[in-house]
Amino acid sequence: MPTVTSLINLKGGVGKTTLTLALAHFLAIEHHRKVLVIDLDPQTNATVCLIPEDTWKARDETGRTLYQLFLDQVKGVRRFDADEAIVRNVSNVGGGVPGLDLLPSSLQLIKIQDRLTQVTDFDSYQRGPIFALRESLAEFLPYYDHVLIDCPPSLGIVTLNGLAISDSYLIPVVPDILSVLGIPPILDRVAHFAGAIRRNIRALGIVISKMRSTTILHNEMTRRLREDFIERRFPLVFDTIVPESTRIAEAANVMVPINTLQQKYGAGGPYEELSALTREFLTHVTR
Ligand SMILES: Nc1ncnc2c1ncn2[C@@H]1O[C@H](COP(=O)(O)OP(=O)(O)OP(=O)(O)O)[C@@H](O)[C@H]1O
Ligand SMILES: [Mg+2]
């Protein structure tokens, strides 16, 4: 079975999608792993960074995105077919990366999420479709080495579907005051959910992202995060720090054909850090 990891933070813009995409690329290309990216965010950022927008739209209109899975739950039907919805060998690197697959999201998840929320009991999780994703993917997961789930900045029913198949989660944070304050609520809520569904969901660690090493604040908050880990208040903080870099932001463009990860992320700088982050991820996730 694959390792299944959710990238999660209730705070927006901290690098969840960027790190999901980077890990997916490096695992598939440098480690020859079979990787499935599941995009649970209605913003569809991971989706449109891996496949062209017109491909995604055509799929969305024909029931081949996660919208169909959750619509089925509301309508009490079974139209969603994971085999058809998974897009194989995605990305702009080398015209598509063998072994890098995507389960695409949909903007329409917003409206369906509201309807699903009304029927969900968020205390005991006895009501509401918590296991829809798990059931639809059961047959396909064993094919992969790693599943990475890009979560929206919320812990609604769609995110919980991702956690319900996860054995670990990773918390990307920008080392500033509000991001760090946001960590304990995530730890609490994931632990509560894991207890309720009787699943061990391990906090794999905190990844510091968008680091500006010239600022006092970022250095100070990084020091405090590591201290909190040593004193066991927080999970492990990854050694590798992902810097703020225009090259990383530019890598989101799927429409530029390129051949290597060095070209995508910028040789020497961010490429090295993301490659190191992936090696570190592997040591922790397969522990
Ligand atoms: N290391 C980085 N250097 C520079 N820009 C970055 C970096 N990481 C992310 N960004 C940019 O910051 C913005 C937010 O990043 P991203 O979309 O990955 O965050 P997110 O946590 O997924 O956000 P959301 O909560 O909205 O889903 C994006 O425009 C992205 O390109
Ligand atoms: Mg995102």
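Just above, that's the structure.
Counting of residues starts from 1 at the beginning of each chain's written sequence and follows it residue by residue. Note on labels: chains are lettered from A, ligands numbered from 1, in written order. Local features in this predicted model are restricted to residues whose pLDDT is 70 or higher, and side-chain atom pairs enter the listing and the counts only when it is 80 or higher, whereas totals over whole chains, interfaces and linings include all residues. No hydrogens and no water enter the side-chain calculation; it runs on all heavy atoms of the structure.

Observations concerning the overall build of the protein chain
Secondary structure follows DSSP: runs of H or I at least 4 residues long count as helices, runs of E at least 2 residues long count as strands, and numbering of each begins at the N terminus. Counting its regular elements, the protein chain contains 14 helices and six strands. All radius of gyration figures rest on C-alpha atoms, and the globule criterion is 2.2 Å times the number of residues raised to 0.38. A globule of 287 residues ought to have a C-alpha radius of gyration of about 19 Å, and the protein chain, at 18 Å, matches this closely. Across its three principal axes, the protein chain shows a C-alpha extent of roughly 55 × 45 × 30 Å. Counting only residues that meet the buried cut, the protein chain has 56% of its 287 residues in that class. In this scheme, a residue with accessible area under 20% of its type's maximum is buried, one over 50% is exposed, and one in between is partly exposed, where area comes from a 1.4 Å probe on protein chains only.

Let's talk about the pairing of strand β1 (residues 3-7)
On a regular strand, one side chain projects to one face of the sheet and the next to the other, so that they alternate. Extensive coverage of β1 is indicated by the burial of five of its five residues. The two faces of β1 match: T3, T5 and L7 on one face and V4 and S6 on the other face are all buried. Alignment of β1 against strand β4 (residues 146-150), held across five bridges, turns out to be parallel. The residue bridging T5 from the neighbouring strand is L148, located in β4. Only strands joined by at least two bridges in the DSSP assignment are considered to pair.

Concerning the nonpolar core
We call a set of buried Ala, Val, Leu, Ile, Met, Phe, Trp, Tyr and Cys residues a nonpolar core when their side-chain atoms join them within 4.5 Å. Core analysis: the biggest nonpolar cluster contains 55 residues, and I38 and L103 have the highest contact counts within it. In terms of residue count, the dominant contributor to this core is helix α10 (residues 183-197) (seven residues). Contacts are assigned to residue pairs with any non-hydrogen atoms lying within 4.5 Å of each other. Those residues in contact with I38, other than ones at most four positions away along the chain, are L66, L103, L133, L137, V147, L148, I149, D150 and I165. Counting residues in hydrophobic clusters, the runner-up holds 39 residues, among them L23, V37, V87 and V242.

Brief notes about the site of ligand 1
For each residue, the test is whether any non-hydrogen atom lies within 4 Å of the molecule or strand; if one does, the residue is near. Close to ligand 1 lie 17 residues, the nearest being K16, T17, T18, P243 and S245. Contact distances for ligand 1 include 3.0 Å between an oxygen atom and a backbone N or O atom of V14. Note on areas: Shrake-Rupley with a 1.4 Å probe; residue coverage comes only from the protein chains shown. Considering ligand 1 on its own, with 630 Å² of exposed area, one finds that the protein chains cover 79% of that surface. A total of three residues in the shell around ligand 1 trace back to one element, the largest contributor, which is helix α1 (residues 16-30). The term polar contact refers here to a pair of N or O atoms within 3.5 Å; inside protein, the definition further demands a hydrogen-donor-capable atom paired with an acceptor-capable atom, and it admits residues adjacent in sequence only when both atoms are side-chain atoms.

What about a nonpolar patch on the surface?
Judged by side-chain polarity, I177, L178, L181 and L217 come together as a nonpolar surface patch covering roughly 400 Å² of accessible area. By residue number, the principal contributor to the nonpolar patch is helix α9 (residues 177-181), which donates three residues. Relative to the assigned elements, L178 resides in helix α9. Here L178 falls in the exposed class, since its relative accessible area comes to 58%. To count toward a patch, a residue needs a relative accessible area over 30% and no salt bridge; like charges are then connected within 9 Å, while nonpolar side chains (Val, Leu, Ile, Met, Phe, Trp, Tyr) are connected within 5 Å. In the sections that follow, a salt bridge refers to a side-chain nitrogen of Lys or Arg positioned within 4 Å of a carboxyl oxygen of Asp or Glu.

Focus: the environment of E139
Residue position: E139 is located in the loop between α7 (132-137) and β4. Here the alpha-carbon distance between E139 and D83, two residues 56 residues apart in the chain, equals 9.3 Å.

Here's the deal with the packing of α1 against helix α14 (residues 270-285)
Note on definitions: angles span 0 to 180 degrees between N-to-C directions of axes, and those axes are lines fitted to C-alpha atoms, for helices only across the stretch in contact. Contact geometry of α1 with α14 gives a least axis separation of 9 Å together with a crossing angle of 80°. Taken together, the axis directions place α1 and α14 in an arrangement best described as roughly perpendicular. Residue-level contacts link L19, A22, L23, F26, L27 and E30 of α1 to Y271, L274, S275, L277, T278, F281 and L282 of α14. Its residues assigned to classes, the contact of α1 with α14 comprises 10 nonpolar, two polar and one charged. Note on terminology: angles under 35 degrees are roughly parallel, angles over 145 are roughly antiparallel, angles of 65 to 115 are roughly perpendicular, and the others are oblique. Note on residue categories: nonpolar means Ala, Val, Leu, Ile, Met, Phe, Trp, Tyr, Cys or Pro, charged means Asp, Glu, Lys or Arg, and polar means any other residue, Gly included.

Focus on the sheet that holds strand β2 (residues 35-39)
One open sheet holds the six strands; their spatial order is β3-β2-β4-β1-β5-β6, and the pairing between them is parallel. In this open sheet, the two strands that pair with only one neighbour each are β3 (100-103) and β6 (202-208). Neighbour-to-neighbour, the strand axes of this sheet turn through a mean angle of 20°, independent of strand direction. Sheet analysis places β1 next to strand β5 (residues 168-173), joined by three bridges and oriented parallel. Paired with S6 across the two strands is Y169, which belongs to β5. Seen against the sheet, α1 touches β1, β2, β3, β4, β5 and β6 and runs at an angle of roughly 165° to β4. Running at roughly 165° to β6, α14 makes contact with β1, β4, β5 and β6 of the sheet.

Description of the packing of helix α4 (residues 66-75) against helix α6 (residues 109-118)
It is at 10 Å that the axes of α4 and α6 come closest, and there the two elements cross at 30°. Considering the angle they form, α4 stands roughly parallel to α6. As α4 packs across α6, the resulting crossing turns out to be left-handed. In contact with L66, Y67, F70, L71, Q73 and V74 of α4, α6 contributes L109, K111, I112, R115 and L116. Split into classes, the residues belonging to the contact of α4 with α6 amount to eight nonpolar, one polar and two charged. Here is the rule for handedness: rotate from the far helix to the near one, and if that takes an anticlockwise turn smaller than a right angle the crossing is left-handed, while a clockwise turn gives right-handed.

Quick look at unusual backbone geometry
A positive phi angle, close to 55°, is found at T44, a residue other than glycine. Along the chain, T44 falls in the loop between β2 and α2 (45-50). What makes T44 buried here is its relative accessible area of 4%. Backbone geometry places K210, a non-glycine residue, at a positive phi of 55°. Tracing the chain through its elements places K210 in the loop between β6 and α11 (216-230). Residue K210 is classed as partly exposed on the basis of its relative accessible area of 34%.

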